[in-house]
Amino acid sequence: MSTHTNTYPQGDAFNASLKTRYRVATIWQFAFLSALLIAILALTALLYNVVDGAFGYVAYDYKKDPATFTPIPVNELTKEDLLVILKENLSSGAYNKLENEQKLETRTQGELYTLFLERLVQIDTKATWSMTDSLFRSAEIRAEAAEKYPDAQLEFRSWLTPQFLTTPMSSKAEFAGVRTAVLGSLWLVGIAILFALPVGVGAAIYLQEYAPKNWLTNIIQTNINNLAGVPSIVYGMLGLAVFVRTMEALTSGSAFGVTDSNGRTVLSAGLTMGILVLPLIIINAQEAIKAVPDSLRQAAFGVGATRWQTVWYHVLPNALPGILTGSILAISRALGETAPLIVVGASTFISLDPNGPFSKFTALPIQIYQWTTRPQSEFHAIAASAIIVLLVLLLTLNATAILLRNRFQRKW
Amino acid sequence: MENNNYAIETNDLSIHYGKFTAVKNVSMKVERKKITAIIGPSGCGKSTLLRAFNRMNDFVPSCHVTGELMLQGQNLYSRDVDPVEVRRKIGMVFQKPNPFPKSIYENIAWGARINGFKGKMDELVEQSLRAAALWDEVKDKLQQSAYALSGGQQQRLCIARTIAIQPEIILMDEPASALDPISTLRIEELMQELKQNYTIIIVTHNMQQAARASDYTAMMMIDDQRAGGVIEFDVTKTIFTRPKDKRTEDYVTGRFG
Ligand SMILES: Nc1ncnc2c1ncn2[C@@H]1O[C@H](COP(=O)(O)OP(=O)(O)OP(=O)(O)O)[C@@H](O)[C@H]1O
Ligand SMILES: [Mg+2]
């Protein structure tokens, strides 16, 4: 025993070495904490930046005074008043066009009021201010607005309104909405899921449970891993070449009797997005399948199950929460992708809802990109609002992932 | 075929992982409705040999088997034999209890169902649980999770699950190694009851268990190429009292290594 005692530090020497160990530990702990703080800071800055643009003061003016249309103050106009005003003041061509889209009597007061502002008094935004400025420099903003735009009214507004969600694209920022873009994005994601989920999970099952481990499967696996890192624009080019051009007869719907379309449809784009997320779905599903313990497979084989029964009754149900979570996270990448959509030809100005796989479409990121490139500041404000909508959609998707996981993760 | 007393016979059975021979030239005859213990130091290939008996080694890609494993005159490794059928006839209980993450009832019913069981499921579940000496403990909570059972109960559930598919042979790989002495004894008692109807082959590190519970004992040991082999196979009593091989004597008396 005594021969061993000198091998380790004792007494003061031990305490000294312990102190050094604690010091190193503290330094590392601090480093990790800083890393976390930096991450939180970056995310907060991002969120703040977006929210900052979506709310704030706006100075606006009417091209025509509302009083020339009605003696009633604008905020007291009823639906009936508005119907009369619109009928009297719109050109008959414009009026009939609106009637054709949707009978005016069936529209809500809010919609009619919007029409009134858009078509008749023609609201004209002079300037917008960010939320921070509006909150902390409101006096200066008032002075500035009064000086530069003496006729304009100043109002604190949220650019993100219920109408913003339900109205289609418009060339005037004040009346533009994200309805078309949101629907387009949902179509895209839906088609991507329909394509990529079964194919991806199927491939993952084959690779994990059936494929022999040899050089060929190794090559395939490596390629899948690498494909997950290929820049998205490359998938866009692939989609353009394969879905838009080569398979145009199918993706435009002309093979099914649709005549007024080319290959730049929501179907082509959805499939492109599907291919884009496919490697991610495969990898995630493989991980989920790998996490199912082998003892469970052995238990199933041990009572005389075939490989298929083992996979279907035990491996898949146990991997399902992981597969779903992984897939949804992969899909949410598709929701935010812009580059491939530009390549496969998303429309930049479209106000018709996508109504089928062969529709033309636009998507939220495209819309946001479009609006941010405009010089007028009101477009930046609605771009910020659209970003919030996109973020909420993403959050919803991720929350669904968590809910699904908890729901299926019924641990026995 | 020549002797119906044998449940299973091996002739020069060797098991290789890639180029490495883990078990070499095992020839043994396992008697019907008896308990045969396989003992030997760690890494000598006991589990490997046991898994070869019901072709569980098929799932190890590098593993291949040479020689013969005869069940009722048929080589289980010949091409026309379906491994699923082999595992249906030769059930296995694993070292770590591995119930399905399902209810107790379903743990037993599943194997029966996929094998096309046509009788009354409730009866089968009860019979199997009774045979595994678990019925009284779980009869009121059949629909509860099997994971809520204790380790020993889980292991008996796994035995019940194996009995339910009515195999001819039951393989057990250290079934009591994770259990306390009382649960271990219960499993041993259970084996004595089961041998009325089944042939049991058990791997164990517990010498007393082998001596107490088994009728025959196979002693395994590695040679200088690290390949395991059966160096002595005899009636348990003989192995423990008058072993022929010096290494067996050292091992069973605890003087090994
Ligand atoms: N899947 C495998 N792949 C490669 N070699 C293996 C594999 N399983 C076991 N071996 C090797 O085969 C030899 C025998 O292993 P085995 O598990 O059969 O020993 P054992 O007698 O059951 O040991 P223990 O008593 O520790 O369980 C060991 O050398 C082991 O390393
Ligand atoms: Mg073992």
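Since this is a predicted model, take the numbers as computed values, not measurements. The residue numbers shown here count from 1 along each chain, following its written sequence. As they are written, the chains are lettered A onward and the ligands numbered 1 onward, keeping that order. Only residues with pLDDT of 70 or above have their local features reported here, since the model is predicted, and side-chain atom pairs are shown and tallied only from 80 upward, although totals for entire chains, interfaces and linings are computed over all residues. By convention in this description, side-chain values take in all heavy atoms of the structure and omit both hydrogens and water.

## Topic: the overall build of chain B
Next, step 1: The secondary structure listing takes helices from DSSP runs of H or I that are at least 4 residues long and strands from runs of E that are at least 2 residues long, numbered from the N terminus. Helix and strand counts for chain B stand at 10 helices and 10 strands.
Next, step 2: The reference for a compact globule is 2.2 Å times residues^0.38; the radius of gyration itself is calculated from the C-alpha atoms. A globule of 257 residues ought to have a C-alpha radius of gyration of about 18 Å, and chain B, at 18 Å, matches this closely.
Next, step 3: With the C-alpha coordinates aligned to their principal axes, the bounding extent of chain B is approximately 55 × 45 × 35 Å.
Next, step 4: Exposed residues in this analysis have more than 50% of their type's maximum accessible area, buried residues have under 20%, and partly exposed residues fall in between, with area computed by a 1.4 Å probe over protein chains only. Looking at chain B residue by residue over its 257 residues, the buried ones come to 55%.
Next, step 5: The protein chains shown are the only cover counted for residues, whose accessible areas, like all others here, come from Shrake-Rupley with a 1.4 Å probe. Accessible surface, chain B: about 11,500 Å² in total, of which carbon and sulfur atoms supply 47%.
Next, step 6: Only four residue types enter the tally: Lys and Arg on the positive side, Asp and Glu on the negative side; His and the chain ends are excluded. We put the charge of a Lys on NZ, of an Arg on CZ, of an Asp on CG and of a Glu on CD. Here chain B contributes 33 positively and 31 negatively charged side chains, and the mean placements of these two sets differ by 2 Å.

## Details of the environment of Leu197 of chain A
Residues and elements named next belong to chain A.
Next, step 1: Within the element layout of this structure, Leu197 appears in helix H8 (residues 179-210).
Next, step 2: Along the primary structure Leu197 and Thr132 are separated by 65 residues, whereas in three dimensions their C-alpha atoms are 43 Å apart.
Next, step 3: We call two residues contacting when some pair of their heavy atoms lies within 4.5 Å. Excluding its chain neighbours within four sequence positions, the residues that come into contact with Leu197 are Ala192, Ile281 and Ser327.

## A look at the layout of surface pockets
Think of a ball as big as a water molecule: rolled over the atoms, this probe shows where empty space is left.
Residue and element names in this part refer to chain A.
Next, step 1: Reported here for the largest pocket is a volume of approximately 1,400 Å³.
Next, step 2: Around the largest pocket sit 43 residues that line it, and Glu111, Thr114, Glu118, Thr167 and Phe175 are the ones nearest its centre.
Next, step 3: Elements with a contribution of two residues or more to the lining of the largest pocket: strand S1 (55-62), helix H3 (92-101), helix H4 (109-121), strand S2 (123-128), strand S3 (153-158) and helix H7 (162-166).
Next, step 4: Of the residues forming the lining of the largest pocket, the biggest block, 9 residues, is contributed by H4.
Next, step 5: When residue character is reported, Ala, Val, Leu, Ile, Met, Phe, Trp, Tyr, Cys and Pro are called nonpolar, Asp, Glu, Lys and Arg charged, and the others, Gly included, polar. Taken together, the residues of the lining of the largest pocket break down into 18 nonpolar, 13 polar and 12 charged. The definitions used throughout rest on a 1 Å grid laid over the protein atoms alone, on which a cavity is an enclosed set of points accommodating a 1.4 Å probe that cannot get out and a pocket is an open set flanked by protein within 12 Å on both sides along at least five of seven lines; lining residues are those having an atom within 4 Å of a point. Grid points are joined across faces, edges and corners, and a volume is the space filled by probe spheres set on the points.

## A few points about the site of ligand 1
Residues and elements named next belong to chain B.
Next, step 1: Here a residue is near a molecule or strand as soon as one of its heavy atoms is found within 4 Å of it. Ligand 1 sits among 14 residues. The nearest are Ser42, Lys46, Ser47, Thr48 and His205.
Next, step 2: Ser42 is positioned with one of its side-chain polar atoms (N or O) 2.5 Å from an oxygen atom of ligand 1.
Next, step 3: Pairing of N or O atoms within 3.5 Å defines a polar contact, subject to two protein rules: one partner must be a possible hydrogen donor and the other a possible acceptor, and residues neighboring in sequence count only if both atoms are side-chain atoms. A distance of 2.6 Å is found between an oxygen atom of ligand 1 and a side-chain nitrogen or oxygen belonging to Ser47.
Next, step 4: Protein burial of ligand 1: of its 630 Å² of free accessible surface, 65% is covered by the chains.
Next, step 5: Contributing elements (two or more residues each) for the shell around ligand 1: strand S2 (20-31) and helix H1 (46-53).
Next, step 6: It is H1 that provides the largest number of residues to the shell around ligand 1, a total of 4 residues.
Next, step 7: A breakdown of the residues in the shell around ligand 1 according to their chemical character gives 5 nonpolar, 6 polar and 3 charged.

## A look at the pairing of S1 of chain A
Residues and elements named next belong to chain A.
Next, step 1: Extensive coverage of S1 is indicated by the burial of 7 of its 8 residues.
Next, step 2: Strand pairing is defined by DSSP finding a minimum of two bridges between the two strands. With 6 bridges joining them, S1 and S3 adopt antiparallel strand pairing. Counted as the bridge partner of Phe55 is Ser158 from S3.
Next, step 3: Examined bridge by bridge, S1 and S2 share 5 bridges and lie antiparallel to one another. Considered in S2, the bridge of Tyr60 is made with Thr125.

## Regarding the domain arrangement of chain A
Put simply, an interface is often sized by how much accessible area is lost when its parts join up.
Next, step 1: Along its sequence, chain A is carved into domain 1 (56-157) and domain 2 (179-408).
Next, step 2: Relative to domain 2 of chain A, the C-alpha centre of domain 1 of chain A lies at a distance of 41 Å. Per the annotation, domain bounds derive from an automatic or database assignment of domains.

## Brief notes about empty space enclosed by the protein
All names here are of chain B.
Next, step 1: Across all of its chains, the model carries 1 cavity of 30 Å³ or more by this definition.
Next, step 2: Of the volumes computed, that of the largest cavity is approximately 40 Å³.
Next, step 3: Elements with a minimum of two residues in the lining of the largest cavity: strand S3 (35-39) and helix H8 (207-213).
Next, step 4: Broken down by element, the residue count for the lining of the largest cavity peaks at 3 residues, all from H8.
Next, step 5: For the lining of the largest cavity, a count of residues per class yields 6 nonpolar, 3 polar and no charged.

## Brief notes about the interface of chain A and chain B
Next, step 1: In this assembly, 17 residues from chain A lie in contact with 24 residues from chain B.
Next, step 2: Buried area: the sum, over both parts, of the accessible surface (1.4 Å probe) that disappears when the two are put together. Summed over both sides, the interface between chain A and chain B buries roughly 1,800 Å², with carbon and sulfur atoms accounting for 70% of that surface.
Next, step 3: Salt bridges are counted wherever a side-chain nitrogen of Lys or Arg sits within 4 Å of a carboxyl oxygen of Asp or Glu. The tally of links between chain A and chain B comes to 0 salt bridges.
Next, step 4: On inspection of chain A and its partner chain B, the count reaches 2 residue pairs in polar contact (both at pLDDT 80 or more).
Next, step 5: At the level of secondary structure, the elements contributing two or more residues to the side of chain A that touches chain B comprise helix H13 (294-302) and helix H14 (307-336) of chain A.
Next, step 6: Considering every element that reaches the side of chain A that touches chain B, the biggest residue donor is H13 of chain A, with 7 residues.

## Some remarks on the sheet that holds S3 of chain A
All names here are of chain A.
Next, step 1: Reading across the sheet, the 3 strands line up as S2-S1-S3 and stay open at both edges, with antiparallel pairing between neighbours. Of all the strands in the sheet, the pair left with one neighbour each is S2 and S3. Between one strand axis and the next, the sheet turns by 40 degrees as a mean value, whatever way the strands run.
Next, step 2: To get an axis, a line is fitted to the C-alpha atoms, and for a helix only the part in contact is used. The angle between two axes follows their N-to-C directions and goes from 0 to 180 degrees. Here helix H1 (residues 11-54) sits on the sheet and contacts S1 and S3; the angle it forms with S1, its principal contact strand, is near 25 degrees.

## Observations concerning a positive patch on the surface
All names here are of chain A.
Next, step 1: Residues forming no salt bridge and having over 30% relative accessible area are the ones grouped into patches, like charges within 9 Å of each other and nonpolar side chains (Val, Leu, Ile, Met, Phe, Trp, Tyr) within 5 Å. A grouping of Lys63, Lys97, Arg119 and Lys172 is seen on the molecular surface, where their side chains present a positively charged patch.
Next, step 2: The residue Arg119 is located in helix H4 in this model.
Next, step 3: The partly exposed category is assigned to Arg119, whose relative accessible area is 34%.

## Examining the side chain of Ser232 of chain A
All names here are of chain A.
Next, step 1: Here Ser232 is to be found in helix H10 (residues 232-246).
Next, step 2: There is a polar contact of 2.9 Å between the side chain of Ser232 and the side chain of Glu337.
Next, step 3: Ignoring anything within four residues of it in the chain, the contact list for Ser232 reads Leu276, Arg333, Glu337, Ala339 and Pro340.

## A short note on the packing of helix H6 (residues 151-164) of chain B against helix H7 (residues 181-194) of chain B
Residue and element names in this part refer to chain B.
Next, step 1: At their nearest, the axes of H6 and H7 sit 10 Å apart, and the two run at 15 degrees to each other. Comparing their axes, H7 and H6 come out roughly parallel. Taken as a pair, H6 and H7 cross one another with a handedness that is right-handed. In contact with Gly152, Gln155, Arg156, Ile159 and Ile163 of H6, H7 contributes Ser183, Arg186, Ile187, Leu190 and Leu194.
Next, step 2: Taken together, the residues that form the contact of H6 with H7 break down as 5 nonpolar, 3 polar and 2 charged. In these notes the angle categories are as follows: under 35 degrees is roughly parallel, over 145 is roughly antiparallel, 65 to 115 is roughly perpendicular, and the rest is oblique. Note on convention: near helix rotated counterclockwise from far helix by under a right angle means a left-handed crossing. Clockwise means right-handed.

## What about a nonpolar patch on the surface?
Next, step 1: On the surface, a cluster of nonpolar side chains totalling about 500 Å² of accessible area is made up of Phe30, Leu33, Leu36, Leu37 and Ile40 of chain A.
Next, step 2: Leu33 of chain A gets classed as partly exposed once you look at its relative accessible area, which sits at 44%.

## Some words on the pattern of salt bridges
Residue and element names in this part refer to chain A.
Next, step 1: Within the structure shown, the criterion is met by 25 salt bridges over all chains.
Next, step 2: Linking Lys148 and Glu144 is a salt bridge whose minimum nitrogen-to-oxygen distance equals 3.4 Å. You can see Lys148 and its partner Glu144 sitting in helix H6 (residues 138-148), 4 residues apart, about one turn around the helix.
Next, step 3: The exposure class of Lys148 is exposed, given its relative accessible area of 51%.

## Details of the packing of aromatic side chains
Next, step 1: Each Phe, Tyr or Trp ring (for Trp, its six-membered ring) is paired with any other whose centre lies within 6.5 Å, and the angle between the two planes then decides the class: stacked below 30 degrees, edge-to-face above 60, tilted in between. If you walk through the whole model with that rule in mind, you get 13 aromatic pairs over all chains.
Next, step 2: On the numbers, 5.5 Å between centres and 85 degrees between planes, the contact of Tyr57 of chain A with Phe156 of chain A is edge-to-face. Separated by 99 residues along the polypeptide, Tyr57 of chain A in strand S1 and Phe156 of chain A in strand S3 bring together distant segments of the chain.
Next, step 3: Looking at Phe156 of chain A, the relative accessible area reads 41%, which means it is partly exposed.
Next, step 4: Both rings, one in Tyr216 of chain B and one in Phe233 of chain B, keep their centres 6.2 Å apart while their planes meet at 45 degrees; by these two values the pair is tilted. Of this pair, Tyr216 of chain B sits in strand S9 (residues 216-222) while Phe233 of chain B sits in strand S10 (residues 228-235), and the two are 17 residues apart along the sequence.

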